[in-house]
Amino acid sequence: MFQLAQAAIRSRFLIKQMVVRDIQSQFKGSVLGLGWVMIGPLLMLGVYTLVFNGFFRLRWPGGESLGTLGFALHVYIGFIVFSFFSDLITKSPSLILNQSNLVTKVVFPLKVIPLTSVLASGFTLMVMMAILFLFAGLIHQVHLTWLLTPLVVGSLVMLVLGLVFWFSALGVYLRDLKQANALVASLFMFLSPVFYPVSAVPERWQDVYMLNPLAQHMEMLRDLVVYGEMLSLKAFGLTALVSLLVLMSGVWVFDKLRRGFADVL
């Protein structure tokens, strides 16, 4: 982890340039440009509000005080976590493969590639969080617990960054990983409480279900943003510890496997 921090500090200018290039390349040639970063989340939030509030009149268990718009708010929080995870997990196996010209450059710090990808997606994550706070403030009220959301987001970023290190390294050797990750990401949409509450899961399976770190992050964000409840130190501590272990193991695996990247590519 110390080496990762050193690499990030030493290559901070390079990382900044690559993040900006990555973000701009996503919208290159489009009329609205970076406006799509806001349009996408706003459109999704609008659709959730229309469907769950206008069509189905659904209410989230325990969130009756929020009215029908509360269902859209809960779903949007789940979507924020899932979309950040899904986007990076799906493209991570191809990160090194798509930058094969950099692998042969001995002086190029390869750890920058996974870091850049996560930071670029983190820009969209920040925009989605800003829209979340605006929407929650309009339909409900502002809670002081919102100040703790960076802790949960930081834990989520550590978790996903660790997975990106894992899969970007393994993807060089296992070319089927891209298709497998896309399938796994689709499955996690239904195995995580995005569109339904944890209480909908049979009680005997809930402990097993909550081993899913995405579910933990979704529920913690809902507690902070929607209900104004403080974080459980035990739940957050265990979740953050898992995220840290995933990150540490991912960096270790990346360092071990990078020695053969040039030979395979």
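Being a predicted model, the structure only gives us computed values, none of them experimental.

Looking only at helices and strands, the chain has twelve helices and zero strands in total. Reading the helices (α) and strands (β) of the chain from amino to carboxyl end gives α-α-α-α-α-α-α-α-α-α-α-α. If you take every contact in the chain between residues at least 6 apart in sequence, the share linking residues at least 24 apart comes to 78%. When the accessible surface of the chain is totalled, it reaches about 13800 Å², and 68% of it is carbon and sulfur.

In terms of nonpolar packing, the biggest core is built from 73 residues, with Tyr76, Leu132 and Phe261 touching the most fellow members. Those elements giving two or more residues to this core turn out to be helix H2 (12-26), helix H3 (35-55), helix H4 (69-91), helix H5 (100-103), helix H6 (112-139), helix H7 (149-173), helix H10 (213-227) and helix H11 (233-257). In this view, tyrosine 76 contacts Pro41, Leu45, Tyr48, Met128, Ile131 and Leu132; residues no more than four positions away in its chain are not counted.

Take H2 next. Look at H2: 21 Å from first C-alpha to last across 15 residues, which is about the 21 Å you get at 1.5 Å a residue. For H2, every residue scored as buried is listed here: Ile15, Met18, Val19 and Ile23. The buried residues of H2 occupy an angular sector of 130° when the element is viewed end-on, so they sit on one face. Those residues of H2 that are exposed and angled more than 90 degrees off the buried face are Phe13, Lys16 and Gln24. Next to the buried residues of H2 lie helix H1 (2-10) and H6.

Per the counting criterion, the structure on display carries six aromatic pairs. Between phenylalanine 165 and phenylalanine 254, the ring centres sit 5.3 Å apart and the planes meet at 80°, which makes this aromatic pair edge-to-face. You can see phenylalanine 165 sitting in helix H7 and its partner phenylalanine 254 sitting in helix H11, a full 89 residues away along the chain. Each member of the pair, phenylalanine 165 together with phenylalanine 254, is buried. By way of ring pairs, the aromatic residues Phe165, Tyr173, Phe254 and Phe261 are connected into one cluster.

So, on to the pattern of salt bridges. According to the stated counting rule, one finds four salt bridges in the structure shown. Of the charged contacts, one joins arginine 258 and aspartate 255 as a salt bridge, the two residues approaching to 3.9 Å between their closest N and O atoms. Several salt bridges share partner residues, and in doing so they unite Lys111, Asp255 and Arg258 into one network.

This part takes up the packing of H7 against H11. One way to put it is that H7 packs onto H11 with a least axis distance of 8 Å and a crossing angle of 25°. Comparing their axes, H11 and H7 come out roughly parallel. The handedness of the crossing between H7 and H11 is left-handed. In terms of residue class, the contact of H7 with H11 is made up of 20 nonpolar, seven polar and no charged.

Looking now at the environment of glycine 154. Tracing the backbone through its elements, the reader meets glycine 154 in helix H7. Residues glycine 154 and alanine 240, spaced 86 residues apart in sequence, show a C-alpha to C-alpha distance of 8.6 Å.

Viewed as axis vectors pointing N to C, H2 and H6 meet at an angle of 50°, and their least axial separation amounts to 9 Å. On the basis of the axis angle, H2 is oblique to H6. Read as a crossing pair, H2 and H6 show a hand that is right-handed. Contacts between H2 and H6 involve Leu14, Ile15, Met18, Val19, Asp22 and Ile23 from the first element and Val112, Leu115, Thr116, Ser117, Leu119, Ala120 and Phe123 from the second.

The next thing to look at is the confidence of the model for the chain. Scored by pLDDT, the chain has a mean of 86; 93% of the residues are at 70 or more. No element of the chain has a lower mean pLDDT than H3, which averages 76, and none a higher one than H7, which averages 95.

Let's shift gears to the side chain of arginine 222. Mapped onto the fold, arginine 222 is located in helix H10. In terms of polar contacts, arginine 222 uses its side chain to reach the backbone carbonyl oxygen of valine 194, at 3.4 Å.

What counts and how
Residues numbered from 1 in each chain as written. Predicted model: local features only at pLDDT ≥ 70, side-chain atom pairs only at ≥ 80, totals over all residues. Heavy atoms only, no water. Helix = DSSP H or I, 4+ residues; strand = E, 2+ residues; numbered from the N terminus. Contact = heavy atoms within 4.5 Å. Areas by Shrake-Rupley, 256 points an atom, 1.4 Å probe, with all protein chains shown as cover. Core = buried A, V, L, I, M, F, W, Y, C linked by side-chain atoms within 4.5 Å. Buried < 20%, exposed > 50% of the residue type's maximum accessible area, 1.4 Å probe, protein only. Expected span 1.5 Å × (residues − 1). Arc of directions from axis to C-beta. Phe/Tyr/Trp six-rings, centres within 6.5 Å; stacked < 30°, edge-to-face > 60°. Salt bridge = Lys/Arg side-chain N within 4 Å of Asp/Glu carboxyl O. Axes fitted to C-alpha atoms, helices over the stretch in contact; angles between N-to-C directions. Parallel < 35°, antiparallel > 145°, perpendicular 65-115°, else oblique. Left-handed = near helix turned anticlockwise from the far one by under 90°. Nonpolar A, V, L, I, M, F, W, Y, C, P; charged D, E, K, R; others polar. pLDDT = per-residue confidence, 0-100. Polar contact = N/O pair within 3.5 Å; in protein donor to acceptor, adjacent residues only side chain to side chain.

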